[in-house]
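Examination of the molecular architecture
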Amino acid sequence: MSDYRALLLTDVVDSTKLSEHLGNEAMAGVWAAHDRVARDLLRAHGGREIDKTDGMLMMFDYATDAVDFALAYHRALAVLPVPLKARAGLHVGPVILRENAAADVALGAKPLEVDGIAKPTAARVMALANGGQLLLTTEAVESLGKTMLRVRSHGHWLMKGLAEPVELFEVNAHDAAFAVPAGADKARRVVQSGGRWVAVDELPNNLPQLATNFIGRERELAEVKALLDKTRLLTLLGMGGLGKTRLSLQVAAEVRHRFPDGVWFIDLAPLRDPALVAGEVAQVLDIRDEPGRPLLQTVCAALRSRTLLLILDNCEHLLAAAGELANAVLRAAPNLRVLASSREALHVPGEQIVPILPLQLPRPGDAVDALADATAVRLFIDRARLQRPDFAFTPQEAPAIAELVTRLEGIPLALELAAARVRMLSVAEINARLKDRYKLLTG
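It should be emphasised that the depicted structure is a prediction, and the values quoted were computed from it without experimental measurement.

All right, on to the overall build of the protein chain then. Helices and strands together make up the secondary structure of the protein chain, namely 17 helices and 15 strands. Each principal axis of the C-alpha atoms in the protein chain carries an extent, and together these give about 85 × 65 × 35 Å. Among the 443 residues that make up the protein chain, the fraction classed as buried is 47%. Residue pairs in contact within the protein chain that sit at least 24 positions apart in sequence constitute 70% of those at least 6 positions apart. When the accessible area of the protein chain is evaluated, it comes to approximately 22100 Å², of which 52% is carbon and sulfur surface.

Below you can see the structure in the form of structure tokens.
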């Protein structure tokens, strides 16, 4: 006979690496501290430990108790003498409870076995979580009922061994940030397209492969992604070199699941003739010209029923043509969104502007740790290590790096060009040659 239970599975991330670093004896003390915290919290929240490896399988009568435990567990691990992070997955479903004989328990068997599909489902969900994150299935969220906690869907995931995709949710406290699961070998994010489930990484697109990390712009990234839910034309506005294109591509990569007909990148920089704008879009989207019909009308007709994101990059020298195209396709295709980047607004009805500013600079008098946290410094260091893997941010180098990023005004392109020079010059030498900064950086 089966009963409905809330199954919570946890796993401490990077525990093997930590064990190699600390050694067996010290790691045994870390595990003892972990187990003590988890078991004390279990008693406080009415849970039962079922199994243990690098985390625990726990059972609760109510999803609310499991969620309260998991959030308290994450907080407790973060303040241990050796801080830990664990991933956690929660599913509510039917389970079969089977007690082992006393003689078997005496030989090391678990007192209680939990059988049923609910257990591997919880395991699959847990495996997708990031360190410090709690993911839940739809059944677990429904069992929560009304809650003061924040709940966000991370879409549907097709997991190995499960016939149908599972919608995953994240639950966290009011001061924590949400994070999209990274995916795993046994799970892929999927969306509905043409009446079937399609893996997000198989959705049509022409996004270029990015060779560098996305550094900073966390606020702008979150703002643009949120605005695309309610704004059909969004323009990233700012001077050249501020990273508008890079931000557009990062946004596109993170919202692909919203657009089953794809995300399409249109670079207008090489074009000089406004008449070629519609043709460039048609070529990228594989739309054929129709004799006797203006190409823009053909493009609008082809896009009418599509749900896609169109990225118009470097619009400033073709404002009128880019604006005309954006206005036309938005009127024709109600499920289409346009994300533009430009030094000037397109001046199209419904356009919303997001100003893009230089990166955060260190402040005079900042300590070394604060200098390292400044976004401009983080970007420079990341790009410098692409040139010299041994490049280090040391207390001795910190003042020179702070001076450099400040003189370059936090402009990402200038910082990347300067970072390319560390193969041949020290940071102090780059500073000394910055009398004509752009001559040095572009020479």
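Back to the write-up after that little detour.
Relative to the assigned elements, Leu7 resides in strand E1 (residues 2-12). On the basis of relative accessibility, which here comes to 0%, the residue Leu7 falls in the buried class.

Quick look at unusual backbone geometry now. Residues other than glycine seldom take positive phi values, yet Asp14 does so here, at roughly 60°. Mapping Asp14 onto the fold places it in the loop between E1 and helix H1 (15-22). The exposed category is assigned to Asp14, whose relative accessible area is 52%.

Right, let's get into the packing of aromatic side chains. Scanning all chains against the criterion turns up three aromatic pairs. Between Phe60 and Phe69, the ring centres sit 5.7 Å apart and the planes meet at 45°, which makes this aromatic pair tilted. According to the relative accessible area criterion, Phe60 is buried, its value standing at 1%. Their ring planes at 15° and their centres at 5.6 Å tell us that Phe69 and Tyr73 sit as a pair that is stacked. Of the two residues, Phe69 and Tyr73 both sit in helix H3 (residues 63-78), four residues apart, roughly one turn of that helix.

Val224, Val251, Leu309, Phe380, Phe391, Ile401 and Leu404 are the most contacted members of the largest nonpolar core, which totals 50 residues. Beyond its immediate sequence surroundings of up to four residues, Leu404 is in contact with Phe380, Ala418, Val427, Ile430, Asn431 and Leu434.

Glancing now at helix H7 (residues 218-227). In an α-helix, one full turn covers 3.6 residues, which means residues spaced three or four apart are oriented alike. Turning to H7, its buried residues number three or more, namely Glu220, Leu221, Val224, Lys225 and Leu227. Buried residues of H7, viewed axially, fall in a sector of 165°; they line one side. Summarising the contacts, the buried residues of H7 are in contact with strand E11 (233-237), helix H8 (244-255), strand E14 (337-342) and strand E15 (351-355).

What follows is about the environment of Arg150. Mapped onto the secondary structure, Arg150 falls in strand E7 (residues 150-159). Overall, the relative accessible area of 27% leaves Arg150 in the partly exposed class. Between the C-alpha atoms of Arg150 and Asp3, which are 147 residues apart in sequence, the distance is 28 Å. Within the structure, the side chain of Arg150 is placed 3.1 Å from the side chain of Asn172, a separation counted as a polar contact.

Further remarks concern the packing of helix H13 (residues 375-387) against helix H14 (residues 398-407). A pair of packed helices can be characterised by two numbers: the angle between their axes and the separation between those axes. Contact geometry of H13 with H14 gives a least axis separation of 10 Å together with a crossing angle of 105°. Judged on the interaxial angle alone, H14 and H13 are roughly perpendicular. Two secondary-structure elements touch here, H13 through Ala376, Val377 and Phe380 and H14 through Ile401, Leu404 and Val405. Partitioned by chemical class, the residues of the contact of H13 with H14 number six nonpolar, no polar and no charged.

Moving on, we get to the layout of surface pockets. Here the idea is plain: a probe the size of a water molecule rolls over the atoms and shows the empty space left. The space that makes up the largest pocket amounts to roughly 1000 Å³. Looking at the lining of the largest pocket, the elements with two or more residues in it are E7, strand E9 (187-193), H7 and H8. For the lining of the largest pocket, a count of residues per class yields 16 nonpolar, six polar and 11 charged. In this structure, the second largest pocket encloses a volume near 530 Å³. If you list the elements that add at least two residues to the lining of the second largest pocket, you get H8, E14, H13 and helix H15 (412-419).

A word on the pattern of salt bridges. Enumeration over the complete set of coordinates arrives at 24 salt bridges. The salt bridge partner of Glu113 is Lys110, with a shortest N-O separation of 3.2 Å. On the accessibility criterion, Glu113 (15% relative accessible area) is buried. Between Arg219 and Glu220 there is a salt bridge, with its nearest N and O atoms 3.5 Å apart. Judged by its relative accessible area of 52%, Arg219 is exposed. According to the relative accessible area criterion, Glu220 is buried, its value standing at 8%. Beyond isolated ion pairs, a larger network of salt bridges with shared partners links Arg217, Arg219, Glu220 and Glu223.

What follows is about the state of the cysteines. Chemically, a disulfide is nothing more than a covalent bond linking the sulfur atoms of two cysteines. Evaluation of the coordinates by the stated rule reveals zero disulfides. Of the cysteine sulfurs around Cys315, a residue in no disulfide, the closest is that of Cys300, at 16 Å.

The rules behind each value
- Residues numbered from 1 in each chain as written.
- Predicted model: local features only at pLDDT ≥ 70, side-chain atom pairs only at ≥ 80, totals over all residues.
- Heavy atoms only, no water.
- Helix = DSSP H or I, 4+ residues; strand = E, 2+ residues; numbered from the N terminus.
- Buried < 20%, exposed > 50% of the residue type's maximum accessible area, 1.4 Å probe, protein only.
- Contact = heavy atoms within 4.5 Å.
- Areas by Shrake-Rupley, 256 points an atom, 1.4 Å probe, with all protein chains shown as cover.
- Phe/Tyr/Trp six-rings, centres within 6.5 Å; stacked < 30°, edge-to-face > 60°.
- Core = buried A, V, L, I, M, F, W, Y, C linked by side-chain atoms within 4.5 Å.
- Arc of directions from axis to C-beta.
- Polar contact = N/O pair within 3.5 Å; in protein donor to acceptor, adjacent residues only side chain to side chain.
- Axes fitted to C-alpha atoms, helices over the stretch in contact; angles between N-to-C directions.
- Parallel < 35°, antiparallel > 145°, perpendicular 65-115°, else oblique.
- Nonpolar A, V, L, I, M, F, W, Y, C, P; charged D, E, K, R; others polar.
- 1 Å grid on protein atoms, 1.4 Å probe; cavity = no way out; pocket = protein on both sides within 12 Å on 5 of 7 lines; lining within 4 Å.
- Points joined across faces, edges and corners; volume = space filled by probe spheres on them.
- Salt bridge = Lys/Arg side-chain N within 4 Å of Asp/Glu carboxyl O.
- Disulfide = S-S within 2.5 Å.

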